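Fold and contact review
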Amino acid sequence: MVVLCASLHGCFAALPQGQLPGVRSTVHPMTVNSIGKRSSVYLPVSGNVYPLGYYSVTVKIGNPPKPFQLDIDTGSDLTWVQCDAPCSGCTLPRDRLYKPTGKNYVLCKDPICAALQAPNPTQCRNPNEKCGFQVEYADHGSVLGVVVSDSFPLRLVNGSDSSPQLAFGCGYRLQNSGPHATAGVLGLGRSKASLTSQLSSMGVTQNVFGHCFNDRGGFMFFGADFVPKSRVTWTPMLQSSSDKHYSSGPAELYFGGKPTGIKNLNVIFDTGSTYTYLNSGVYKPVVDLIRKDVSGKQLKDVNDKALPICWKGSRPFKSMRDARNYFNTLALSFTGSSNIQLQLPPEAYLIVTEQGNVCLGILSGAEAGLGTSNVIGDISLQGKLMIYDNEGQRIGWASADCSRSSSSKTTSFPYMILFCSLVASLYILMIS
């Protein structure tokens with residue numbers, strides 16, 4: 001008993017004082033009696049903005065569990081995987097596809113079917129027919145399939161295991177799915193059909209999630225246990241029956257610490273977008289500002305296949321560290337709140353290409369078919385812990401390096417919690 005108590009004390013003392021990897025602020029503490037209550041899930045993230053163009057996580061589905069690598073997408077609701085039903089247009093070999101069985105199919109009469117098809121659910125000709133879905137993306141890719149449900153084995157940070165039955169898409173007809181080899185999409189939108197909403201409705205986690213991206217990957221989490229208590233900037237989500245995105249505004253744009261005169265911007269936070277897109281009324285003035293700012297500096301326009309607007313220096317750039325001093329910081333100041341700013345330093349809107357050029361990662365939304373929308377993509381979300389609090393209807397961010405290096409002591413934080421929780425459980429059993 002004495003040894004166990006000493007181990008328990010030492011275990012919690014060894015925690016990095018409630019810190020997430022690379023985030024210097026405290027998080028809500030886990031306690032011994034949290035076991036059995038809503039917890040959180042921690043997932044390593046792989047990917048980068050350039051040259052890969054996306055961030056992904058690996059989740060396991062089914063029994064026995066099979067791993068699937070999924071693009072992280074806050075801009076869509078439906079999670080789906082490539083499916084052997086059979087499949088047309090799938091990019092993975094057949095043995096890596098999801099294989100549904102008869103018991104997996106969700107029927108049209110199931111409420112989750114209407115939620116997945118919102119806002120225009122298909123009328124069921126027969127309540128017992130399979131629930132179908134079709135998703136079209138802004139890059140003209142699309143996926144068609146049926147909705148299924150299966151177990152998602154999860155290791156929670158309170159030390160317990162959970163295998164909730166979650167509904168997702170079994171995509172068997174893909175078009176323009178792109179060159180990368182992920183198995184599908186992790187849809188994290190605001191509807192009741194998203195994975196976070198389903199986990200919340202089952203009491204597994206709270207309807208809160210976050211991510212932290214850098215040029216080597218990062219991490220993400222489901223649940224509120226990793227939400228810092230302080231040093232987070234919060235802005236309300238826009239409430240609109242027609243807009244189910246993670247949107248906020250209005251905001252005013254600053255450049256180099258000075259107002260640009262560009263106001264009343266509503267923005268969408270979308271991890272499904274590699275770059276940031278501005279509507280036609282904003283894009284040209286921003287490009288003009290940046291071009292004017294770099295004129296007279298040792299930069300020249302250059303053609304680069306990576307992006308439309310690029311510059312070269314007197315010698316090739318090796319990293320953004322070499323190029324950042326040529327450029328100024330952009331910032332979005334959310335006018336509905338006092339002094340709420342989203343800082344966009346040069347590395348949040350520029351990339352250095354394989355040719356050693358520096359290119360603008362802000363693109364025209366009109367040319368991409370996004371209409372009047374302003375989309376904050378992965379490039380501008382790097383170096384920040386982003387939090388989507390669906391329960392509090394707010395979006396938050398805090399500066400972070402997002403490292404998950406094995407040499408970092410804080411990286412093992414979730415696993416420390418897991419070990420400590422198991423020790424705590426054993427202690428409770430011994431004294432009960």
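Computed from a predicted structure; not experimentally measured.

**Thoughts on the pattern of salt bridges**
It is possible for side chains of opposite charge to pair when their charged atoms get near one another. All chains considered together, the criterion is met by nine salt bridges. A salt bridge links D84 to R94; the shortest N-O distance between them is 2.8 Å. Here the residue D84 occupies a position in the loop between strand 4 (80-82) and helix 2 (111-117), and R94 occupies one in the loop between strand 4 and helix 2, the gap between them amounting to 10 residues. With a relative accessible area of 9%, D84 lands in the buried category. In this structure, D293 engages K297 in a salt bridge whose closest nitrogen and oxygen atoms are separated by 3.6 Å. Put simply, D84, R94 and K99 are held in one network by salt bridges that share partners.

**Some remarks on the nonpolar core**
M220, F269 and W311 are the most contacted members of the largest nonpolar core, which totals 85 residues. For this core, the element with the most residues is helix 4 (residues 280-294), which contributes six residues. Not counting the four nearest positions on each side in its chain, W311 is found in contact with I290, R291, V294, L299, K300, D301, V302, F327, L350, N357, V358 and L360.

**Description of the confidence of the model for the protein**
With 83% of its residues at a pLDDT of 70 or more, the protein shows a mean pLDDT of 85. Here residues 1-19 is modelled with pLDDT under 50, and outside its nearest four sequence neighbours on either side it reaches 33 contacts, counting other chains as well. Under a pLDDT of 50 for its full length, residues 21-36 has, in the predicted model, 54 contacts with residues more than four places off or in other chains.

**Quick look at the layout of surface pockets**
Of the volumes computed, that of the second largest pocket is approximately 820 Å³. Surrounding the second largest pocket, 30 residues form its lining, D215, M320, E347, Q382 and G383 being those nearest its centre. Where the lining of the second largest pocket is concerned, the elements lending two or more residues are helix 5 (320-323), strand 21 (340-344), strand 22 (350-352) and strand 27 (394-399). Looking at side-chain class alone, the lining of the second largest pocket contains 13 nonpolar, nine polar and eight charged residues.

**Side note on the state of the cysteines**
Tallying each qualifying case throughout the model produces six disulfides. Note on cysteine connectivity: C113 is disulfide-linked to C131, with sulfurs 2.1 Å apart. For the disulfide bridge between C113 and C131, the dihedral angle about the S-S bond is near 95°, and by the sign convention the bridge is right-handed. A residue pair is termed long-range when its members are at least 10 positions apart, and C113 in helix 2 and C131 in the loop between helix 2 and strand 5 (132-136) qualify at 18 residues.

**Here's the deal with the packing of aromatic side chains**
Scanning the entire structure with this criterion turns up 14 aromatic pairs. Here the aromatic rings of Y42 and F219 are separated by 5.8 Å at their centres, their planes lie at 20°, and the arrangement is stacked. Of this pair, Y42 sits in strand 1 (residues 41-48) while F219 sits in strand 12 (residues 217-222); the two residues are 177 residues apart in sequence, bridging distant segments of the chain. The two residues Y42 and F219 agree in class, both being buried. With a centroid separation of 5.2 Å and an interplanar angle of 80°, the aromatic rings of Y98 and F168 are classed as edge-to-face.

**A word on empty space enclosed by the protein**
Within this structure, the stated rule accounts for two cavities of 30 Å³ or more. In this structure, the largest cavity encloses a volume near 120 Å³. Forming the walls of the largest cavity are 16 residues, and the residues nearest its centre are L253, T276, L278, L344 and I376. Within the residue set of the lining of the largest cavity, elements represented by two or more residues are strand 16 (265-269), strand 17 (276-278), helix 4 and strand 20 (330-334). Class assignment of the residues belonging to the lining of the largest cavity gives a composition of 13 nonpolar, three polar and no charged.

**Section: the sheet that holds strand 18 (residues 300-301)**
Overall, antiparallel pairing links the four strands, which are arranged 18-19-23-22 in an open sheet. With partners counted over all chains shown, the strands left at the sheet margins are strand 18 and strand 22, one partner each. When strand 22 meets strand 23 (residues 358-360), the two strands line up antiparallel, connected through three bridges. Each bridged residue has a counterpart across the sheet, and for I351 the counterpart in strand 23 is C359.

**A closer look at unusual backbone geometry**
Between A85 and P86 the backbone carries a cis peptide bond, its omega angle lying at -15°. Here the amide bond leading from G249 into P250 is cis, since omega sits at 0°, within 30 degrees of zero. Inspection of the secondary structure assignment puts P250 in strand 14 (residues 247-255). In this structure, N264 is a non-glycine residue whose phi angle is positive, near 55°.

**Digging into the pairing of strand 1**
Most of strand 1 sits inside the fold, with six of its eight residues counted as buried. As paired elements, strand 1 and strand 12 share five bridges and run antiparallel to each other. Its bridge partner being in strand 12, P44 is matched across the sheet by F219. Direction of pairing for strand 1 relative to strand 2 (residues 54-61): antiparallel, over a ladder of three bridges. Paired with N48 across the two strands is Y54, which belongs to strand 2. If you look at the hairpin formed by strand 1 and strand 2, you'll find five residues sitting between the two strands, and G53 has a positive phi there, around 95°.

Criteria and thresholds
- Residues numbered from 1 in each chain as written.
- Predicted model: local features only at pLDDT ≥ 70, side-chain atom pairs only at ≥ 80, totals over all residues.
- Heavy atoms only, no water.
- Salt bridge = Lys/Arg side-chain N within 4 Å of Asp/Glu carboxyl O.
- Helix = DSSP H or I, 4+ residues; strand = E, 2+ residues; numbered from the N terminus.
- Buried < 20%, exposed > 50% of the residue type's maximum accessible area, 1.4 Å probe, protein only.
- Core = buried A, V, L, I, M, F, W, Y, C linked by side-chain atoms within 4.5 Å.
- Contact = heavy atoms within 4.5 Å.
- pLDDT = per-residue confidence, 0-100.
- 1 Å grid on protein atoms, 1.4 Å probe; cavity = no way out; pocket = protein on both sides within 12 Å on 5 of 7 lines; lining within 4 Å.
- Points joined across faces, edges and corners; volume = space filled by probe spheres on them.
- Nonpolar A, V, L, I, M, F, W, Y, C, P; charged D, E, K, R; others polar.
- Disulfide = S-S within 2.5 Å.
- Phe/Tyr/Trp six-rings, centres within 6.5 Å; stacked < 30°, edge-to-face > 60°.
- Pairing = 2+ DSSP bridges.

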